[in-house]
Every structure is written in C-alpha cells, then in structure tokens.
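Structure assessment
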Amino acid sequence: MNSGYSLIDEITKKLDGATYDNDKIESSLAAVGESLRLSYIAVKEVVSEYRVLCCTYEWSSDGKNELLNTEARFTEDVWDQWLNGYENQNVNRVWEWDIGNGVPCPLKLIRHDKVASVLHMQMYKNECFVGCVDFVDDKPGRVWTDEERQGLLTFRDLLCDYITRFHKKINEIPSDIISSAYDHTTKLPRYEYFCMQVEDSFKELERAQLVILSLDFTNFKFINEKYGHEEGDIFLKNVAKDIYGFTKYVICCCRSHSDNFLLVCKCDKTYTKAHLLNRIEEISRNYVKKLSEKYFDCNLCVNVGVHVIRSNMENIEHAISNANLARKYAKQRKHEYGHSCLTYDPAMAFELKRRAEYISDMKKGIESGEFFLEYQPIVCTDNMEIIGAEALIRWKKDNFNRLMPDDFIPIFERDGCIVKMDYYVYDQVFRFVTERLESGKNIVPVSVNVSIVHFYDNKLIPYIDELLEKYKVKPELIYFEIDERIAVTKLENVAKVMHELQERGFRVYIDNFGSGYSALNTFTKFHPNGIKIGRSLMKTDLDKNDKIIIKCVVNMGNKLNLEVVAEGVENEEQRQFLIKSSCEYMQGNLFARPMQQDGFEKLLDM
Ligand code: C2E
Ligand code: MG
C-alpha cells in the first residue's frame, strides 16, 4: 500500500479488540480508501442462506452512503459461478474487473454507472462463504499494483476475522426466524420484512426517486389448474429468480401473496422514471413471450402497477397500496389501454371504487328487480324455425343505466358473486318455462349460461335440485352453456357436474367454442350434447381461412354427434355458408336480437 505496512499495522491493532465496534470498521475502510485514493468500498455479508448479500459497511470518497443496509439477491447461476470461481478469479478468491477489458461485471454494483475498476475479494470462514469486500475506482485505467493487492488481501482477512468473530451467522440464527422473514416458496423476503427494507432505503436514499412496482400475472391460476400446484411453485420461483435480472435498478423485492411481487427500483437523473417505465413495458412483453412458450395454453399476461415516491414523508404502506391499485387497474383495463404497465393515478381509485360498488349493489339489484332477462332465439339454419333461445342477463342499475353483461360479468366473476346472479337467472328461467308449459302455451328449450366460477364450489347441483323441486320443470327444456374455458382448467369436478346435469335430463353445451381456449381434448374429457361456435369466429366478412376453420369445427361436431349452433350470425352470406357447411342451428341478429320476455312470448305465440 502507498503508506506501507504501517497502515495495516494500525488496522490490525484497531480490529483486535475484544468488543465489536462499527466505528472501527468504518474508520478502517476510510483509512484504506483514502490511502489508495479509491472511490468506494463496500462490505457485503451473507445475511441468509438464500443467496442474499446485505451491504453492511460502506465508504465513499464523496461521503454518500447509497447502498448501506440494502440487500442484493443473486440468481442461482451467478451465485454458483461466484462460489465456484470466475475465469479470472485467483486462488485468493480475488476477482478483478475492469471496464476496459470487456469482462461483464456480475456483482450488481448498483451504486452508479461510473464504476470503472473493481477488486472484489471474497471472505470465507471455515470454508464457508460469508461475504465480500469490493474496492472500487470510478476512474478508468486503474492498475492495481502487487503491493496494493497484497495489502488489501491482508485487510480483507483482518476484516473477515473481525466481522465473523462477532457476527452471528445465518446458520446460527434459529430457522424459524429465517422462515418468518423469507417466503418459503420463492426465498424472497416476506412482506413485513420487505417493508422494513424499503423504510431503510428511504433513509439512505434521501434524494433518490424510489419507484415501487407491483407485479402479477393474469391467469396464473391456470398454471395451478392445468399443470398442478408444484408447477405453479416452480413458476413463482423462476419469476423470483428473474426479477433481479429485469433491470439493475431493482433494489429489493418480495412476494406479497399468491403471484403478486413487489419491487423497489431506484431512479436518478440519468436513469429516469420514463426509462424505467419503458424498460418495464418492454420486459413485460418479452417475458410474456418467453412464458407463453412454456405455458402456451394459459394466456398469461404480466400486469405492473407503478408508484413513484417523491417525498421522504411518504408512507410506505400507502405507496405500496397505490402501486397495487395501479396493477389491478392495469389488469382490469389492459384491453382498453394496451399497456401492461400503468402508473398510479388518483382517478384509478374512483374506477376501482365503481367496480366495488357494482359488487356491493348486486344483491340489492336482484332484490329490487333491476336485473332482467332478454331472450335471443336459436333457429334452424335452413328454415329459420325457432328451436330454442338463450337467456341473457341485463342490469338496469338504479333503474336508470342499462348495463350489458360485459360491463359487470367480469367484475362479478372476479369477485365470485356471479354465482348468486346466475342462480337468480336460473330461477327466472325455470319459472318462465314452467309457467308457459303449465298454461299450455308454446315453449322451446331455453339455454342459460354457467360461469366457470360455479366449479370452484360444489353447490350448483344441489341448487338445481332445489329449483327442480320448486318448479317441477321439464329438464329437457333447459340447456346449460358452459364456457370453453373449462377445457384449460385443472378443475376435476367439471365432467362430474356435466354428467350430473345430463343425468337429470338437462342438455349441456360448450359455449364460445373456438374463441381462445378451445382444446381438442375437450371432447375426450367431457361429453357435451352440443357446441356453440363463438361469435368471434363468425366475422362479418368471412375470409377463406375463417371458412375453413368454421367448416372443420362444424364437421367435427357433426361427426361426434353433437348439436352445433353458430353464434353471432348477422348476414345472409354467413347463413348460406353455414347451410353449405351443414351447420344445423344458428343464433344471431340476422334472425333476431335479444329481446325482452314479452317480445319473445309474442314470437312464441305467433
Ligand atoms: P354468449 O353466451 O356468447 O352470448 C351471446 C352473446 O352474443 C350475447 O351478448 C348476444 O347479445 C351476442 N350476440 C348474439 N347475436 C349476435 C350478433 O349477431 N352480433 C353480435 N355482435 N352479437 C351477437 P351479451 O348479451 O352481451 O352477452 C355477453 C356474454 O355475457 C354472453 O356471451 C355470456 O357469456 C355472458 N352472459 C350473458 N348472460 C349471462 C348470464 O346470465 N350468466 C352468465 N354467467 N353469463 C352471462
Ligand atoms: Mg352463451
């Protein structure tokens, strides 16, 4: 070292005490840093068995402490590489990196972009990796002399000895404490511990712009359902592993629950919030692409909510809840905005409030008759004779706004209260059919929709039995339309419920076939009576490919002895094509739009 071995002697004496003293380490770092005219020194210690290093001591020539107490988590491969040695790592477990020699730095030196040269020395105690110390020069062209290297090695050994003498190592910490701080599945910090880390970052990064990201996945549940919970866990582990690779500005992260991850990133003048948002948007797109190669039939999407912290006075939990809110908003409105990443805006809270209001108003709406049914006839394609009808729900909310199913069904499905609404529909339809029958009027089978949510509980069949008892309806006059999404779920009871409905004499259709989730094994798993070809396939101008697909679906249905109904038929060309394709039944505006009960009754009475 420049000032010779007297500095080492001085440090040896300093770190020789019988008691532990932070100041001694700090002043030693400062002495070394100043003597070698370094820019920065960081001591990072292993804080858990989970590939996490915490920056426990820091010195910098400009007096700024940027990383102190922050944790960096490393991916398994980087960690292994690290422990097993890099190509240019020598026997003393020293790894040297220089910006000029092109070797990428894997150390997550997230302090700033100016780092030019690093001497990274690992610390081992009883053959166990306990941490590292990084000596950094921000000025390019640093040549570390042998004397400097030797001096720094001695310093590292002294430091390692001193720290490990007094610090409790992770394997000495009771495992219940570790498991209470870290999530068992992803090995990321738990929410509470994460909040503490963010609080710490707040203190240390006074002027920095911290950004909280809340991230989750649309349709994660399909991975659990389709591939099983073990695969779901693997998915979450991989996400946790990938998160730190998203951008080097991720400071810490946690899994708060289910598939929801919270990240804290650090922006500054050169790496602004706009950079970060663009990067996240790009990452999300690429990430979804990568995931969909593996889970190709789950239709996964990434949703990210962002909250930018602007003041040191901001409350962490509040900031996190804003990021969560922005994520929920991004998830619900993605099809309108086309972005998977949205920044919190107070208006989002109003919108989500409206949704919450829909849910809480549903019950009242049912009681006060705000929900009503329209019936859309199903006819024979060739002679347009009415052979059935589909009951479709509408909501005259507060007896003022007429809302269509797409406005409220996704909200009710997410909440689960769709089940109650469907029960109401079934009650109305059973009553309508029975009343017409009992008064000797003409009636055709009426189809009702069954939300996928019914398969999460086992109450549908008991409820239908109650209705059968109440109305003594003829089961052959009721058809149940089950959305094709059931084909991609792991739900085991679908086939059973279908079978139980059929046993009672009802007919069961797969609805919306071909709209996105259709799988051919639908027909080996389930034995429906018919299929409804989704209206998304029935475009106004059918091109060659559309026609081939529809023809094949109709053909398959006919060969499997299924009744095939084409939905969304709007013009005569479509009808003629369906006739040519031997599609026996159709439903759509060409024959009639959905109509109120009295209109439908008039049609039946003609
Ligand atoms: P769905 O089961 O596929 O119902 C057919 C939808 O296609 C209806 O939309 C109907 O109005 C529309 N439609 C029929 N013919 C045409 C046409 O020629 N052109 C166009 N553009 N549209 C046509 P609606 O009433 O808005 O319902 C949307 C979806 O909401 C339904 O799709 C169904 O999945 C769901 N839904 C409706 N009522 C209920 C219900 O009581 N319970 C449940 N769980 N879902 C329901
Ligand atoms: Mg339907």
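All values reported here derive from a predicted model rather than from experimental measurement. (Residues numbered from 1 in each chain as written. Chains lettered and ligands numbered in written order. Predicted model: local features only at pLDDT ≥ 70, side-chain atom pairs only at ≥ 80, totals over all residues. Heavy atoms only, no water.)

So, the overall build of the protein
Put simply, the rule is: Secondary structure elements are taken from DSSP: a helix is a run of H or I of four residues or more, a strand is a run of E of two residues or more, and numbering for both begins at the N terminus. Buried means the residue's accessible area, taken with a 1.4 Å probe over protein chains only, is under 20% of the maximum for its type, while exposed means over 50%, and partly exposed covers the values in between. Whether two residues are in contact is decided by their heavy atoms, any of which lying within 4.5 Å being enough.
Scanning the protein from terminus to terminus reveals 19 helices and 21 strands. The proportion of buried residues among the 606 residues of the protein is 55%. Nonlocal contacts in the protein, meaning residues at least 24 apart in sequence, comprise 66% of its contacts between residues at least 6 apart.

Observations regarding the nonpolar core
Keep this limit in mind: To define a nonpolar core, start from buried Ala, Val, Leu, Ile, Met, Phe, Trp, Tyr and Cys residues and group those joined through side-chain atoms within 4.5 Å.
Ranked by size, the top nonpolar core spans 79 residues in total, and within it F371, F412, Y426, V429, F430 and F480 carry the most contacts. For this core, the element with the highest residue contribution is helix α13 (residues 418–438), accounting for 11 residues.

Considerations on the packing of aromatic side chains
The following threshold applies: Here is the rule: rings of Phe, Tyr and Trp (six-membered ring for Trp) pair when centre to centre is within 6.5 Å. Planes less than 30 degrees apart are stacked, more than 60 are edge-to-face, and the remainder are tilted. Comment: the charge-over-ring label is applied if NZ (Lys) or CZ (Arg) is within 6 Å of the ring centre and within 35 degrees of the ring normal.
The tally for this structure, following the rule as stated, stands at 22 aromatic pairs. Relative to Y509, the ring of Y479 lies with its centre 5.4 Å away and its plane at 20°, an arrangement referred to as stacked. Here the residue Y479 occupies a position in strand β16 (residues 478–483), and Y509 occupies one in strand β17 (residues 507–513), the gap between them amounting to 30 residues. Y509 matches Y479 in its accessibility class, with the two residues each being buried. The lysine or arginine in question, R142, covers the ring of W144, its NZ or CZ lying 4.6 Å from the ring centre.

Side note on the site of ligand 1
Counted only if it meets this: The rule for a residue being near a molecule or strand is that one of its heavy atoms must lie within 4 Å of it. Residues adjacent in sequence count toward polar contacts only when both atoms are side-chain atoms; beyond that, a polar contact is any pair of N or O atoms within 3.5 Å, and within protein one must be able to donate a hydrogen and the other to accept it. Here the open area of atoms and residues is found with the Shrake-Rupley method and a 1.4 Å probe, where only the protein chains shown may cover a residue.
Around ligand 1, a shell composed of 25 residues is seen, among which R394, D422, R535, E570 and N589 lie nearest. At 2.9 Å from an oxygen atom of ligand 1 is found a side-chain nitrogen or oxygen belonging to D511. Here a nitrogen atom of ligand 1 sits 2.6 Å away from a polar atom, N or O, in the side chain of E570. About the coverage of ligand 1: the protein hides 86% of its 800 Å² of free accessible area. Listing elements by their share of the shell around ligand 1, those giving two or more residues are β13 (386–397), α12 (405–415), α13 and β17. Ranked by residues supplied to the shell around ligand 1, first place goes to β13 with four residues.

Focus: the coordination of the magnesium ion (ligand 2)
Put simply, the rule reads: Each metal site is built from N, O and S donor atoms within 2.8 Å (3.2 Å for Na, K and Ca), and since water is not included, such sites may look incomplete.
Taken together, E390 (OE), N449 (OD1), E481 (OE) and D511 (OD) make up the full set of protein donors to the magnesium ion (ligand 2), lying 2.0 to 2.3 Å away. Here the donor residues for the magnesium ion (ligand 2) map to a single chain with the spacing E-x58-N-x31-E-x29-D. Taken together, the residues N449 in strand β15 (residues 446–450) and D511 in strand β17 connect sequence positions 62 residues apart. For D511, a relative accessible area of 5% corresponds to the buried category.

Some words on the sheet that holds strand β7 (residues 209–218)
We apply this condition: Any two strands with at least two DSSP bridges between them are considered paired. Structural elements are reduced to axes, namely lines fitted to C-alpha atoms, with helices fitted over the stretch in contact, and the angle between N-to-C directions of any two is expressed from 0 to 180 degrees.
Spatially, five strands are ordered β8-β9-β7-β10-β11 in an open sheet, and the strand pairing comes out mixed. Only two strands of the sheet have a single partner each, and these edge strands are β8 (250–257) and β11 (341–343). Neighbour to neighbour, the strand axes of the sheet diverge by 20° on average, direction disregarded. The pairing of β8 with strand β9 (residues 260–267) spans six bridges and is classified as antiparallel. Of the residues in β9, the one forming a bridge with C254 is L262.

Concerning the environment of L603
Structurally, the position occupied by L603 is in helix α19 (residues 597–605). Under the relative-accessibility criterion, L603 is labelled partly exposed at 21%. A C-alpha to C-alpha distance of 9.9 Å links L603 and N442, two positions 161 residues apart in sequence.

Here's the deal with the side chain of N571
Mapped onto the elements of the fold, N571 is located in the loop between β19 (563–566) and α18 (572–580). Here E573 takes part through its backbone nitrogen, which lies 3.3 Å from a polar atom of the side chain of N571. At 2.8 Å, the side chain of N571 and the backbone nitrogen of Q574 are in polar contact. Once residues lying within four places of it in the same chain are set aside, the contact partners of N571 are T540 and L590.

Observations concerning the pairing of strand β18 (residues 530–533)
The cut-off we apply is this: Throughout, right-handed denotes a crossover for which the path from the first strand over the helix to the second runs clockwise when the strands point away from the viewer.
Of the two faces of β18, the one carrying G530 and K532 and the one carrying I531 and I533 are both buried. Pairing between β17 and β18: three bridges, direction parallel. Residue pairing in the sheet places Y509 in a bridge with G530 of β18. Where β18 and β19 come together, four bridges link them in parallel fashion. Directly across from I533, in β19, lies its bridge partner A566. Regarding topology, helix α17 (residues 544–559) serves as the crossover connection from β18 to the parallel β19, and that connection is right-handed.

Concerning the pairing of strand β12 (residues 371–380)
In terms of burial, β12 is largely enclosed, as 10 of its 10 residues are buried. Turn length for the β12-β13 hairpin, with the two strands adjacent in sequence and antiparallel, is five residues, and the turn residue M384 shows positive phi of about 60°.

So, the confidence of the model for the protein
Cut-off, in case you're wondering: Here pLDDT means the predictor's own confidence in every residue, given as a number from 0 to 100.
Overall, the predicted model of the protein reaches an average pLDDT of 84, with 86% of residues at or above 70. Long-range and interchain partners of residues 168–173, a stretch whose pLDDT sits below 50, account for eight contacts in this model, where long-range means more than four residues apart.

Digging into unusual backbone geometry
Although it is not a glycine, M384 sits at a positive phi angle of roughly 60°. Within the secondary structure layout, M384 lies in the loop between β12 and β13. Under the relative-accessibility criterion, M384 is labelled partly exposed at 22%.

A few points about the packing of α13 against helix α14 (residues 460–471)
Counted only if it meets this: Note that the term roughly parallel is reserved for angles under 35 degrees, roughly antiparallel for angles over 145, roughly perpendicular for angles of 65 to 115, and oblique for everything else. Crossing handedness is read from the near helix: turned anticlockwise from the far helix by less than a right angle, it gives a left-handed crossing, and turned clockwise, a right-handed one. Classification used: nonpolar for Ala, Val, Leu, Ile, Met, Phe, Trp, Tyr, Cys and Pro, charged for Asp, Glu, Lys and Arg, polar for all others including Gly.
Two numbers describe how α13 lies on α14: the axes approach to 10 Å, and their chain directions differ by 30°. Taken together, the axis directions place α13 and α14 in an arrangement best described as roughly parallel. As α13 packs across α14, the resulting crossing turns out to be right-handed. Contacts from Y423, Y426, D427, F430, R431 and T434 in α13 reach L460, Y463, I464, L467, L468, K470 and Y471 in α14. Split by residue class, the contact of α13 with α14 holds nine nonpolar, one polar and three charged.

Overview of the pattern of salt bridges
Definition in use: Salt bridge, as applied in this entry: a Lys or Arg side-chain nitrogen positioned within 4 Å of an Asp or Glu carboxyl oxygen.
By the definition in use, this model includes 32 salt bridges. The partner of R142 in a salt bridge is D137, with the nearest N and O atoms 3.0 Å apart. Residue E374 is joined to R402 by a salt bridge in which the shortest nitrogen-to-oxygen separation is 3.2 Å. Placement of the pair is E374 in strand β12 and R402 in strand β14 (residues 401–403), with a sequence separation of 28 residues. Through salt bridges with shared partners, one network takes in D137, K139, R142 and E148.

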